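A structural walkthrough
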Amino acid sequence: MEKKKLDIKAVVAGKGKAAADLFDKAKKTVVNTVDQNSDGKLDLKDISSLTDQWNEKRAQTRQEAERKALCPIFEDDLDSTDFLMPKLIRVIEMDKKHAESEICQGSIGYESVHKELRIVNIYPDKAEAFGLSFEPNMDSDLYYVDPCDRDHYIALDEYFSRLRVARVSELQKIAQDLGAKHFRVTFKEEAAAFNANSVKGKLGTKTGGKVNGSTDFSHESRSSNSSKVEIAAEMQCIGHTPVKPTLVYFKNDPQIQNLVSLRMSDNTMTHQVYTIAMGSSSGIKMKDAAKIDAALSSMKYSGGLSVSSEVQTESRRYFEYEIDF
């Protein structure tokens, strides 16, 4: 059988035609993709249009990165279910980088994160938009939320002292509503425990029953159970039929709840004394205080405030609540 001769020229020509067809298809695809004015040609207008699109995309990418870095807050954001006010906020003037940013125009504040603690920074002239109240005023820079009112913020450096006054006022109102003839609220603070004993002597070493040498030593330890005592409020009243009081700071205190229940049930009690730990209603726990202190350090806050120390001191404070009917 005669073998067919391989026509090299035909093969080359066939492959060349396939490659040419593939190139034409690729060219047509590129033209269709790049052809912005649908005239079937690739011209300067198409290139100009593509350049505009690329520049617009680059601008959008840059704005998204800037928005992520500056985290501006707008009034519309407050209506979003995803937006929640944190416990710690700051009132601060708009800084240069936010003021000069185009994407921050019209913003009312911004979010920032310090040592994993999220903070909302509010511009003073836009504070009204947040619908918050500030105690004692807006002259401070850091505020922490009132434990009983999510829309009320108290200056952080006055937080515990102002809550103390608020709780004393509530105990006074409770006594008046329940028809007390006399009540007294005594504020007490236990001092840190320490021992006070001083021992002096000589310490020697023995070898074979003989003292080889001696060293002078002294040891001092202290202890005290003293406490700070101060009458926070006291009043004599006429007395009247009890009216159920509205509890705010003491709504979860079992002793006060029991007092109200007994008095409203016409119980014949005439005298009661309660001891109420202040730390249970202070609003800041030790783990929260540690996070706040870390955030303040990250912010280079120079106020010299240690929230952890304040919480520790608060844990040694309590009210003695004496009431007569």
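The rules behind each value
- Residues numbered from 1 in each chain as written.
- Predicted model: local features only at pLDDT ≥ 70, side-chain atom pairs only at ≥ 80, totals over all residues.
- Heavy atoms only, no water.
- Helix = DSSP H or I, 4+ residues; strand = E, 2+ residues; numbered from the N terminus.
- Buried < 20%, exposed > 50% of the residue type's maximum accessible area, 1.4 Å probe, protein only.
- Expected span 1.5 Å × (residues − 1).
- Contact = heavy atoms within 4.5 Å.
- Pairing = 2+ DSSP bridges.
- Disulfide = S-S within 2.5 Å.
- Phe/Tyr/Trp six-rings, centres within 6.5 Å; stacked < 30°, edge-to-face > 60°.
- Lys NZ or Arg CZ within 6 Å of the ring centre and 35° of its normal.

This part takes up unusual backbone geometry. Put simply, Glu135 and Pro136 share a cis peptide bond, and its omega is 0 degrees. With respect to the helices, strands and loops of the structure, Pro136 is situated in the loop between strand S5 (133–135) and strand S6 (142–146). Positive phi is not limited to glycine here, since Cys71 has a value of about 45 degrees. For Lys115, which is not a glycine, the phi torsion comes out positive at approximately 50 degrees. On the secondary structure map, Lys115 appears in the loop between strand S3 (109–114) and strand S4 (117–122). You can call Lys115 exposed: its relative accessible area is 58%.

Taking 1.5 Å as the rise per residue, helix H6 (residues 286–298) with 13 residues should run 18 Å; its terminal C-alpha atoms sit 18 Å apart, in good agreement. Tucked into the core, H6 has its buried residues touching strand S2 (88–91), S3, S4, S6 and helix H7 (307–314). Looking one or two residues past H6, Lys300 carries a phi angle of roughly 60 degrees, positive in sign.

Examined against the element boundaries, Ala295 turns out to sit in helix H6. For the pair formed by Ala295 and Glu116, sequence separation is 179 residues and the distance between their alpha carbons is 7.9 Å. Those residues in contact with Ala295 that lie beyond four places of it in its chain are His114, Lys115 and Leu117.

The next thing to look at is the pairing of S3. A regular strand carries its side chains on alternate faces of the sheet. Bridge count for strand S1 (residues 72–73) against S3 is two bridges, and the pairing is antiparallel. Looking at S3, one finds that Ile73 is bridged to Gly109. Two elements, S3 and S4, share six bridges in a ladder whose sense is antiparallel. Across the sheet, Val113 pairs through a bridge with Arg118, a residue of S4.

Counted by the stated rule, this structure contains zero disulfides. Considering cysteine sulfurs only, Cys71 is the nearest to Cys104, which forms no disulfide, with 9.2 Å between them.

Attention shifts here to the pairing of strand S13 (residues 317–324). Most of S13 is tucked away: seven of the eight residues are buried. With eight bridges connecting them, strand S8 (residues 182–190) and S13 associate as antiparallel partners. Across the sheet, the residue bridging to Lys188 is Tyr318, located in S13. Here strand S12 (residues 271–277) runs beside S13; their pairing, made up of seven bridges, is antiparallel. Looking across to S13, one finds that Tyr274 is bridged to Tyr321.

By the definition in use, this model includes four aromatic pairs. Where Phe134 meets Tyr143, the ring centres are 5.2 Å apart and the plane angle is 75 degrees; that geometry is what we call edge-to-face. With respect to burial, Phe134 and Tyr143 carry one shared label: buried. Centroid distance Tyr159 to Phe160: 5.5 Å. Interplanar angle 85 degrees. Geometry classified as edge-to-face. The residues Tyr159 and Phe160 share a single accessibility class, namely buried. Linked through ring pairs, Tyr144, Tyr159 and Phe160 together constitute an aromatic cluster. Just above the ring of Phe83 sits the side chain of Arg118; from NZ or CZ to the centre is 5.6 Å. The ring centre of Phe187 lies 3.7 Å from the NZ or CZ of Arg164, which sits over that ring.

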